[in-house]
Amino acid sequence: MAADETTTAAGHPIARVLPLLSPAHLDRDFDYLVPPELDEIAQPGVRVRVRFAGRLVDGYLLERLPRSEHTGKMVKLERVVSPERVLTPDVLRLATAVAARYAGTRADVLRLAIPPRHARTESGGTKKSTAATEPADTAHASGDATQAEVIQQPTVIGSEGAASGARAEAVRRPTVAGSEGAALGAQAEAVQRTAAADSVDAASGARAESVGRRTAIGPDGGDTDAVPEPSVDTSAWSRYVHGEAFVGALRQRRGARAAWQALPGEDWAARLAELAATVVASGRSAVLMVPDQRDLDRLLAECVRLVGDSAVGLSAGLGPAARYRRWLAVLRGQARIVVGTRAAVFAPACDLGLIAIWDDGDDTYAEPRAPYPHAREVAMLRAHETGAAFVAAGFARTAEIQAVVESGWARDLLAERQVLREVMPRISAPGDTDFALERDALARAVRMPGVAFAAARAAIKENAAVLVQVPRRGYVPSLACAKCRTPARCRHCNGPLSLPHSTDGQAASPQCKWCGITEAAFRCQACGARALRAMVIGAARTAEELGRAFPGVPIRGSGGGEVIDTVEPGAQVVVATVGAEPLVRGGYGVALLLDGWALLGRADLRASEDTLRRWMGAAALVRPRGQVIVMAEPALPTVQALVRWDPVHHAAAELEARAEVGFPPAVRLAAVDGTSASIAEFLDAAALPDGTEVLGPVPLPPTARKPFSGGDSPAEVERMLLRVGRSAGAPLARALTAAQAVRSSHRSDDPLRVQVDPVDIG
């Protein structure tokens with residue numbers, strides 16, 4: 001189809017539109033007539049407003065067609081919201097794949113993938129004509145602040161990968177493919193603008209020269225003679241087996257895939273920035289994902305140091321205008337490195353060459369909105385479909401990444417044991433049993449073994465910082481009967497009891513964490529005893545005890561709403577909750593990991609995997625000759641994996657254990673949450689594939705969110721699990737999608753939630 005044919009209503013008067021409708025049975029394309037006055041700007045990928053069932057709804061124009069299969073009366077497009085072509089072929093293909101993988105709808109995925117529109121920012125601060133848009137249309141369906149950090153993907157390359165020589169000062173709009181993948185549309189003059197208010201320097205467009213898309217993962221993926229040598233130093237990758245080969249593959253435009261286990265003390269942000277800069281030097285783009293804002297700031301600073309304004313970060317902390325301005329810079333090809341959180345997996349990177357995810361085991365990568373995709377899985381889908389390089393990086397390793405390594409889809413990127421021993425701290429586990437603590441008078445006073453106290457005291461004498469990691473914030477967040485160890489519960493609501501911090505120094509009575517009632521006369525419901533003991537010590541109580549144990553030494557706290565990013569070197573004790581450990585230049589002298597049983601004893605499928613990840617994250621902050629002491633049972637496999645610093649073997653054992661009992665990633669699992677009536681109705685409508693195991697119903701796990709709004713929540717929510725082999729994952733997803741379509745067409749009122757491979761299984 002010729003490019004000029006798409007710009008005339010006479011040649012292609014039909015617009016195929018995807019309305020953003022929630023019902024599953026309406027997840028399909030609809031044809032509309034293009035009026036002559038909208039012909040020029042009604043191009044594939046633009047936002048439109050269409051009339052559907054008598055009301056105006058938002059949608060995206062997918063393609064222009066010469067004719068429609070519909071034989072009845074056709075409705076005209078109401079309005080083109082903006083000539084900016086925001087839905088690109090890669091985003092559409094990715095959204096379709098994600099919806100199929102997670103039994104969702106394309107509309108739900110696109111709400112996650114495309115941020116709300118900011119009209120003034122898009123027009124460069126000038127008022128648009130009413131023929132193109134109206135300022136009132138600022139978003140299509142979602143105004144969630146976290147959704148605004150999602151990045152929209154452009155493609156400034158042709159469907160066959162021909163190189164484009166256009167500079168970023170005159171970046172062409174992406175050629176958006178239709179539902180069958182055909183590239184349509186000439187570049188409209190109205191979308192040749194660049195936003196004058198963009199924070200990205202126009203000079204960075206010199207780095208944004210478009211290059212051809214690689215059609216294969218191999219050495220023939222591009223003209224390596226035309227690829228400039230990167231100016232970044234990547235010699236640090238020589239410490240890893242095949243590290244230099246991996247960097248070389250990125251230079252040669254090959255889609256290498258690796259699971260990188262960073263060494264203790266490694267400057268992981270600098271290493272990922274080096275990979276991204278190597279990709280940018282070859283004319284391509286990179287997407288780097290991190291769990292939180294603190295990691296984003298650290299990684300973005302390294303990327304800016306190497307490539308300048310070609311790197312942008314998108315986060316919920318920015319205002320709507322700033323977020324949309326940076327997103328437009330990526331869409332228009334002015335930014336080549338995108339650093340963001342889970343939403344960055346949909347980044348609008350021109351000719352994507354690398355997608356990397358740091359610490360993929362963090363639960364923030366799981367999207368809490370339908371269809372509940374996981375950023376790691378979406379990243380692997382995108383890398384597989386586009387041929388981009390993929391890196392799953394971290395100090396620890398998840399069972400999901402180990403599964404793709406064992407399948408051969410990705411390769412290990414590890415250091416030799418000799419190199420590891422040179423940089424890792426000394427790790428020991430003296431034990432934290434009651435018998436061990438009773439033999440140690442000091443341990444009874446400060447809730448840590450004498451060897452840990454001695455190590456901390458020695459580090460302070462050497463003017464080194466001491467890190468103390470605790471699993472909970474607060475004072476005494478969990479209490480139990482001192483006689484039978486039954487968790488202490490409130491007599492009124494059966495909520496857990498805790499001991500609040502007293503501001504006046506007086507003893508406080510236990511308080512319910514649910515209803516807030518003070519329990520002044522506790523009596524154990526199991527044995528009748530009145531004495532209480534602490535199940536776990538919170539960060540505030542730990543800091544108080546350490547302050548008495550180390551008089552005159554600064555005690556700093558990090559956790560909750562007061563997270564410290566960095567601390568200056570020197571003698572001090574830093575008490576931090578898991579994940580809130582601050583950096584210190586040169587590393588900590590000693591790290592004490594307290595109450596390990598509180599992390600390992602959680603009723604969670606991923607408890608041991610997550611505990612090892614938390615421990616390794618803290619131990620990696622200790623200097624090479626430092627010491628790490630973990631208060632946990634030494635014989636546990638997770639503790640042994642930490643002592644040996646062997647996350648790969650631990651992940652392999654975890655994967656094998658899950659395969660034996662039939663849990664992801666060895667199988668495909670779907671959780672159906674709702675009332676007993678809605679679940680029964682859903683299963684009656686579902687044509688499940690042969691061999692599907694139906695498990696349950698069981699009560700919804702206490703840590704899982706209910707699929708209801710506050711006032712509509714019933715007394716009890718149940719969960720039904722559907723389990724199939726991995727080969728039957730696609731048929732199961734199709735069956736779940738069809739069943740949801742049947743329910744929505746029947747207008748069932750009872751809320752129901754369907755999650756494929758949820759993080760929280762129970």
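Residues numbered from 1 in each chain as written. Predicted model: local features only at pLDDT ≥ 70, side-chain atom pairs only at ≥ 80, totals over all residues. Heavy atoms only, no water.

Asks: Talk me through the overall build of the chain; I want residue IDs and the actual numbers.
Replies: The helix and strand tally for the chain stands at 20 helices and 28 strands. Taking all 762 residues of the chain together, 57% fall into the buried category. When contacts within the chain are restricted to residue pairs at least 6 apart in sequence, long-range pairs at least 24 apart make up 75% of them. When the accessible area of the chain is evaluated, it comes to approximately 31000 Å², of which 50% is carbon and sulfur surface. (Helix = DSSP H or I, 4+ residues; strand = E, 2+ residues; numbered from the N terminus. Buried < 20%, exposed > 50% of the residue type's maximum accessible area, 1.4 Å probe, protein only. Contact = heavy atoms within 4.5 Å. Areas by Shrake-Rupley, 256 points an atom, 1.4 Å probe, with all protein chains shown as cover.)

Asks: Which residues make up the pairing of strand S3 (residues 47-52), and what values do they have?
Replies: Counting buried residues in S3 gives five out of six residues, a clear majority hidden from the surface. Looking at chain direction, S3 and strand S4 (residues 55-65) are connected through six bridges and run antiparallel. Bridging from a neighbouring strand, Val50 pairs with Val57 of S4. (Pairing = 2+ DSSP bridges.)

Asks: Report on the nonpolar core, specifying residues and quantitative values.
Replies: Residues Trp260 and Trp645 are the most contacted members of the largest nonpolar core, which totals 73 residues. Sorting elements by how many residues they give to this core places helix H5 (residues 268-281) first, with nine residues. In this structure Trp260 touches Trp237, Tyr240, Glu266, Trp268, Arg271, Leu272, Trp358, Val391, Ala392, Ala393, Gly394 and Leu413, once residues within four positions along its chain are discounted. Among the nonpolar cores identified, the runner-up in size contains 72 residues, and Leu20, Leu62, Ile355 and Leu732 belong to it. (Core = buried A, V, L, I, M, F, W, Y, C linked by side-chain atoms within 4.5 Å.)

Asks: Which residues make up the sheet that holds strand S14 (residues 465-470), and what values go with them?
Replies: On the basis of which strands lie adjacent, the open sheet formed by six strands has the order S13-S24-S23-S14-S21-S19 and parallel pairing. Looking at which strands have only one partner, the edges of the open sheet turn out to be strand S13 (426-428) and strand S19 (555-558). Direction aside, neighbouring strands of the sheet carry axes that sit 15° apart on average. Relative to strand S23 (residues 588-593), S14 runs parallel, the two being bridged by four bridges. Looking across to S23, one finds that Val468 is bridged to Leu592. Here helix H13 (residues 450-461) sits on the sheet in contact with S14, strand S21 (572-577), S23 and strand S24 (622-630), set at roughly 155° to S23. (Axes fitted to C-alpha atoms, helices over the stretch in contact; angles between N-to-C directions.)

Asks: Requested: an account of the packing of aromatic side chains, with residues and values cited.
Replies: Throughout the structure, instances matching the rule amount to ten aromatic pairs. Each ring, one from Phe30 and one from Phe52, has its centre 5.0 Å from the other, and the planes form 75°; the classification is edge-to-face. Placement of the pair is Phe30 in strand S2 (residues 30-33) and Phe52 in strand S3, with a sequence separation of 22 residues. In this structure Phe30 comes out as buried when scored by relative accessible area, which is 15%. Among the aromatic side chains, those forming a connected cluster through ring pairs are Trp237, Tyr240, Trp260, Trp268, Trp358 and Phe395. Against the face of Tyr102 rests Arg101, its NZ or CZ located 4.7 Å from the ring centre. Note that Arg257 overlies the ring of Trp409, its terminal NZ or CZ placed 4.4 Å from the centroid. (Phe/Tyr/Trp six-rings, centres within 6.5 Å; stacked < 30°, edge-to-face > 60°. Lys NZ or Arg CZ within 6 Å of the ring centre and 35° of its normal.)

Asks: Can you lay out the sheet that holds strand S6 (residues 257-261) for me, pointing to particular residues and giving the numbers?
Replies: With respect to topology, seven strands assemble into an open sheet ordered S8-S9-S7-S10-S11-S6-S12, the strand pairing being parallel. On the outer flanks of this sheet lie strand S8 (311-314) and strand S12 (411-413), each paired with one strand and no other. Within the sheet, the average angular offset between the axes of one strand and its neighbour, ignoring direction, is 20°. Strand direction decides the pairing type here: strand S7 (residues 285-289) and strand S10 (residues 352-358), joined by five bridges, are parallel. Its bridge partner being in S10, Ser285 is matched across the sheet by Leu352. In this fold helix H7 (residues 320-331) packs onto S8 and strand S9 (337-340), with an angle of close to 140° to the strand it touches most, S8.

Asks: Could you give an account of the packing of H5 against helix H6 (residues 293-307), with specific residues and numbers?
Replies: Interhelical geometry of H5 versus H6 gives an angle of 45° and a closest axis separation of 9 Å. In terms of their interaxial angle, H5 and H6 are classed as oblique. Here H5 runs over H6; the crossing is right-handed. Counted together, Trp268, Ala269, Ala270, Leu272, Ala273, Glu274 and Ala277 of H5 and Asp295, Arg298, Leu299, Glu302, Cys303, Leu306 and Val307 of H6 form the full contact between these two elements. For the contact of H5 with H6, the class distribution of residues is ten nonpolar, no polar and four charged. (Parallel < 35°, antiparallel > 145°, perpendicular 65-115°, else oblique. Left-handed = near helix turned anticlockwise from the far one by under 90°. Nonpolar A, V, L, I, M, F, W, Y, C, P; charged D, E, K, R; others polar.)

Asks: Provide a residue-level description of the side chain of Ser282, including the pertinent values.
Replies: Relative to the elements of secondary structure, Ser282 occurs in the loop between H5 and S7. We classify Ser282 as buried; its relative accessible area is 4%. Here the side chain of Ser282 touches Val279 through a polar contact of 2.6 Å, landing on its backbone oxygen. Separated by 2.9 Å, the side chains of Ser282 and Arg284 make a polar contact. (Polar contact = N/O pair within 3.5 Å; in protein donor to acceptor, adjacent residues only side chain to side chain.)

Asks: With reference to specific residues and values, describe the side chain of His374.
Replies: Position of His374 among the secondary structure elements: in the loop between S10 and helix H8 (375-386). Residues contacting His374, with those up to four places away along its chain left out, are Tyr102, Asp360, Asp362, Tyr365, Ala366 and Val759.

Asks: If you had to explain unusual backbone geometry to someone new, which residues and values would you point to?
Replies: Here the amide bond leading from Pro664 into Pro665 is cis, since omega sits at 10°, within 30 degrees of zero. Checked against the element boundaries, Pro665 lands in the loop between helix H18 (647-661) and strand S25 (667-674). At the junction of Gly696 and Pro697, the peptide bond is cis and its omega measures out at 5° in the coordinates. With respect to the element layout, Pro697 can be found in strand S26 (residues 693-699). We note that His242 has phi near 70°; this positive angle belongs to a residue other than glycine. Here His242 shows up in the loop between helix H3 (119-122) and helix H4 (243-251).

Asks: Quick rundown of helix H17 (residues 637-644)? Include the residues and the values.
Replies: Of the positions making up H17, those classed as buried are Thr638, Val639, Ala641 and Leu642. Seen along its axis, H17 keeps its buried residues to an arc of 160°; they face one direction. Residues of H17 that are buried sit in contact with S13, S23, helix H15 (596-600), helix H16 (607-619), S24 and H18. (Arc of directions from axis to C-beta.)

Asks: Provide a residue-level description of the confidence of the model for the chain, including the pertinent values.
Replies: For the chain, per-residue confidence averages 80 on the pLDDT scale, and 77% of positions sit at 70 or higher. Confidence over residues 126-230 falls short of pLDDT 50; this stretch has 288 contacts with residues more than four positions distant or in other chains. (pLDDT = per-residue confidence, 0-100.)

Asks: Please provide a residue-by-residue account of the packing of helix H1 (residues 89-101) against helix H2 (residues 106-113), values included.
Replies: In the contact formed by H1 and H2, the axes pass within 9 Å of each other and the chain directions differ by 125°. Comparing the axis directions of H1 and H2 gives the class oblique. Classified by chirality, the crossing of H2 by H1 is right-handed. Counting all contacts with H1, which are made through Val91, Ala95, Thr96, Val98 and Ala99, the residues of H2 involved are Arg106, Val109, Leu110 and Ala113. When its residues are assigned to classes, the contact of H1 with H2 shows seven nonpolar, one polar and one charged.

Asks: I'd love a proper account of H8, names of residues and values included.
Replies: Because an α-helix packs 3.6 residues into every turn, residues spaced three or four apart end up facing the same way. Between its first and last C-alpha, H8 extends 16 Å over twelve residues, near the 16 Å set by a 1.5 Å rise per residue. Of all the twelve residues making up H8, nine are buried; the element is thus mostly covered by neighbouring parts of the structure. Among all positions in H8, only Ala375, Arg376, Glu377, Val378, Ala379, Met380, Arg382, Ala383 and Thr386 are buried. Each element contacted by the buried residues of H8 is listed here: H1, S7, S10, strand S11 (389-394) and helix H9 (399-407). Downstream of H8 by one or two residues, Gly387 has phi in the positive range, about 80°. (Expected span 1.5 Å × (residues − 1).)

Asks: Can you explain the environment of Arg411? Please cite residues and give values.
Replies: Along the polypeptide, Arg411 turns up in strand S12. A sequence separation of 153 residues divides Arg411 from Ala258, and the C-alpha atoms of the two residues are 4.6 Å apart. Residues contacting Arg411, with those up to four places away along its chain left out, are Arg257, Ala258 and Ala259.

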